[in-house]
Amino acid sequence: NTFDIIEGSLAIIDGVSQTIEVDQFASILNVGNIKNEVTFIIKFGEDDVTSNYDISYDCGTLEIIKRPITIQADYATKIYDGTALTSTAVILFESPNEVVSGEVLKITTSGSIVDFGTVFNPITSHSIVKANGDDSTDNYDVTYNHEGVLEITKRPITIQADYATKIYDGTA
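This write-up is about the structure you can find in this document.

Reading guide: rules and limits
Residue indices begin from 1 for each chain and proceed along its sequence in written order. Residue-level local features of this predicted model are given only where pLDDT is at least 70; pairs of side-chain atoms are given and counted only at 80 or more, and the full residue set underlies all totals for whole chains, interfaces and linings. The basis for every side-chain value is the complete set of non-hydrogen atoms in the structure, without hydrogens or water. Note: two strands are recorded as paired if DSSP finds a minimum of 2 bridges between them. Numbering of helices and strands runs from the N terminus, with a helix taken as a DSSP run of H or I at least four residues long and a strand as a DSSP run of E at least two residues long. Only rings of Phe, Tyr and Trp enter the pairing, Trp through its six-membered ring, and a pair is recorded when the two centres are within 6.5 Å. The plane angle decides the type: under 30 degrees is stacked, over 60 is edge-to-face, the rest tilted. Only protein chains enter the accessibility calculation, which uses a 1.4 Å probe; a residue is then buried when its area is under 20% of its type maximum, exposed when over 50%, and partly exposed in between. Counted as over-ring charges are cases with an Arg CZ or a Lys NZ within 6 Å of the ring centre that also lie within 35 degrees of the ring normal. Any pair of residues with heavy atoms lying within 4.5 Å of one another is described as a contacting pair.

Here we take up the sheet that holds strand E6 (residues 47-48). Pairing within the open sheet is antiparallel, and its three strands lie in the order E3-E5-E6. Edge positions in the sheet fall to strand E3 (19-24) and E6, since each has one partner strand and no second. Pairing of E3 with strand E5 (residues 39-44), which is carried by five bridges, proceeds in the antiparallel orientation. Within the sheet, the bridge partner assigned to Gln24 lies in E5 and is Thr39.

Next up on the list: the packing of aromatic side chains. In this structure the tally under the stated criterion is one aromatic pair. Seen in terms of ring centroids, Phe40 and Tyr57 are 6.0 Å apart; in terms of plane orientation they differ by 15°. Their pairing is stacked. Of the two residues, Phe40 is situated in strand E5 and Tyr57 in the loop between E6 and strand E7 (61-64); the sequence distance between them amounts to 17 residues. Among the residues examined, Phe40 registers a relative accessible area of 15% and is labelled buried. In this structure Tyr57 comes out as partly exposed when scored by relative accessible area, which is 40%. For Lys154, the ring lying beneath its charged end belongs to Phe116, and the centroid distance is 4.9 Å.

Within the secondary structure, Ser112 is located in the loop between strand E11 (104-109) and strand E12 (117-121). Distance from Ser112 to Ser87, taken between C-alpha atoms, is 8.1 Å for residues 25 residues apart in sequence. Excluding its chain neighbours within four sequence positions, the residues that come into contact with Ser112 are Ala84, Leu85, Thr86, Val119 and Leu150.

In this section: the environment of Ser125. Relative to the assigned elements, Ser125 resides in strand E13 (residues 123-129). Sequence separation between Ser125 and Ile107 is 18 residues, and the spatial gap between their C-alpha atoms is 5.8 Å. What Ser125 contacts, discounting residues up to four positions off in sequence, is Lys106, Ile107, Thr108 and Tyr144.

Okay, structure coming up:
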């Protein structure tokens, strides 16, 4: 919080200026805006001389805008094992697309695959949570880039028939 005296001036007594101290100031933590209401104490030395002034306040505005982030479900792959492949891993694109330090981005996806092949893994929802557990999702402007992809590759196996040798006897 900063301020300027835009009209008038503080009195100077015996060559000493009076000082202004911030008594209360506005603050904002999440997306939105508020009036920057500030109150001051005017002092001469240790004495409060505020009552000698007719103070008019021209309050500005404090505003926090949404942090833009672009996300995508990450690519996941595995070799066929008969179980479903799902993934909620996420890719964040380019700075300043990080979530604020101490906050965690969580996604839900709808992709799942069991057999050989590929499927899309779209994000169906997201949330961002502060370290204290409070929801911070509304502080972000989240864009989904592309659907992630899940892939199951073929499991390699080699089958070998047994070797056998016998002397011809007319039977198999």
